[in-house]
Amino acid sequence: MEIKLLSGALGAEIKGIDLTDVSDVNFKKINDLLLEHKVIFFRDQPITKDHQIALAEKFGPLETHAYVKGLKEYPEIVRIVKGKEEKNQWGENWHSDVSYNSKPTKAVILKSIKIPPVGGDTCFSNMELAWETLDPKIQEKIKDKKAIHSSLGAEFFIDNYKYMEGNEKRNYDSYSNEHPIARTHPETGKKILYVNWTYTKQIIGLEKEESDQILKKIFEHQARLDLTCRFNWTENTIAIWDNRSVIHYAIADFFPGRGLGHERIMDRIAIEGDHPQ
Ligand code: SIN
């Protein structure tokens, strides 16, 4: 096996592991790599949708997205299509997937189907390191507090994505849940900074103004470049990220606004998480 680190903060590109081997022994190797590096990448993996699903199922029950419909033959797979004239670009801001759910996603397995010839990288930031390096005064202030995470609602999705369909529920409500700001990773026992710019709205127990000020500082801290890695995709790459301990940002620097007009397609399977503690 070969491991190439993407940065000193997190992320590794792995060679020499067969992702179609879902034996307990091979899965343990993959999960250990994930816990250590937080996001792992495997290039040149023309694996089938069934293989992608079988690998995801080793991590736990699969999650149905709150708003987005999966593929007809494979409802477990959400195809993220960033079309040529999309108004908005999925994931184009720092976030942890569906942190507004009561049990937010544990991990995601993403396969690149179509990659633009330029741009479209994804950045990840290490939230264990973000907690460790956070200003101790802020740590003290928020260590036992919770924050409210809210979704953008189905309307946002339906209005902004031309090439993806909303799910049958047509649920126009937005979801909102409270989670500890410093959660404990259920497998490693490490503290993780669990807020994100896209979905975290307010710290419970603080006035809105103070909450906004602290969240602003935290969001800036989380985005510090020395906490991140950046991945330049090629087609048929499989990425697995631990959605509990990273936030990520899909850079949409290939869209028509810049006159490039490319598209980007990814197949996403999410694994159900637990109630953050
Ligand atoms: C996501 O934000 O869930 C997808 C990331 C990507 O498309 O790179």
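Above this text you will find the structure in question.
Residues numbered from 1 in each chain as written. Predicted model: local features only at pLDDT ≥ 70, side-chain atom pairs only at ≥ 80, totals over all residues.

Regarding the overall build of the chain
- Helix and strand content of the chain: six helices and 15 strands.
- Relative to the globule expectation of 19 Å for 277 residues, the C-alpha radius of gyration of the chain, 18 Å, shows essentially globular dimensions.
- When its C-alpha atoms are laid out on the principal axes, the chain stretches across 50 × 45 × 35 Å.
- The buried share of the chain, reckoned over its 277 residues, is 39%.
- By sequence separation, contacts in the chain at least 24 residues apart represent 82% of the contacts at least 6 residues apart. (Helix = DSSP H or I, 4+ residues; strand = E, 2+ residues; numbered from the N terminus. Rg over C-alpha atoms; globule rule 2.2 N^0.38 Å. Buried ≥ 20, exposed ≤ 12 C-beta atoms within 10 Å, placed from the backbone. Contact = placed C-beta atoms within 7 Å.)

Things to note about helix α6 (residues 208-222)
- Over its 15 residues, α6 runs 20 Å from end to end, which matches the ideal 21 Å to within 8%, given 1.5 Å per residue.
- For α6, the complete set of buried residues consists of S211, I214, L215, I218 and Q222. The arc that holds every buried residue of α6, seen down its axis, measures 100°, which confines them to one face. Exposed residues pointing more than 90 degrees away from the buried face of α6 are listed as E209, K216 and E220. (Expected span 1.5 Å × (residues − 1). Arc of directions from axis to C-beta.)

Let's talk about the pairing of strand β3 (residues 39-42)
- Taking every second residue as pointing to the same face, both faces of β3 are buried, with V39 and F41 on one and I40 and F42 on the other.
- With two bridges joining them, strand β2 (residues 12-15) and β3 adopt parallel strand pairing. Of the residues in β3, the one forming a bridge with E13 is F41.
- On the question of chirality, the crossover connecting β2 to the parallel β3 by way of helix α1 (residues 24-37) is right-handed. (Pairing = 2+ DSSP bridges. Right-handed = clockwise from strand over helix to strand, strands pointing away.)

Comments concerning the sheet that holds strand β14 (residues 246-250)
- Strand order in the open sheet made by the three strands is β12-β6-β14, with antiparallel pairing throughout. Each edge of the open sheet is held by one strand with a lone partner, namely β12 (228-231) and β14. The sheet shows a mean angle of 20° between the axes of neighbouring strands, direction not considered.
- With four bridges joining them, strand β6 (residues 122-126) and β12 adopt antiparallel strand pairing. Bridging across to β12, T122 finds its partner in F231. (Axes fitted to C-alpha atoms, helices over the stretch in contact; angles between N-to-C directions.)

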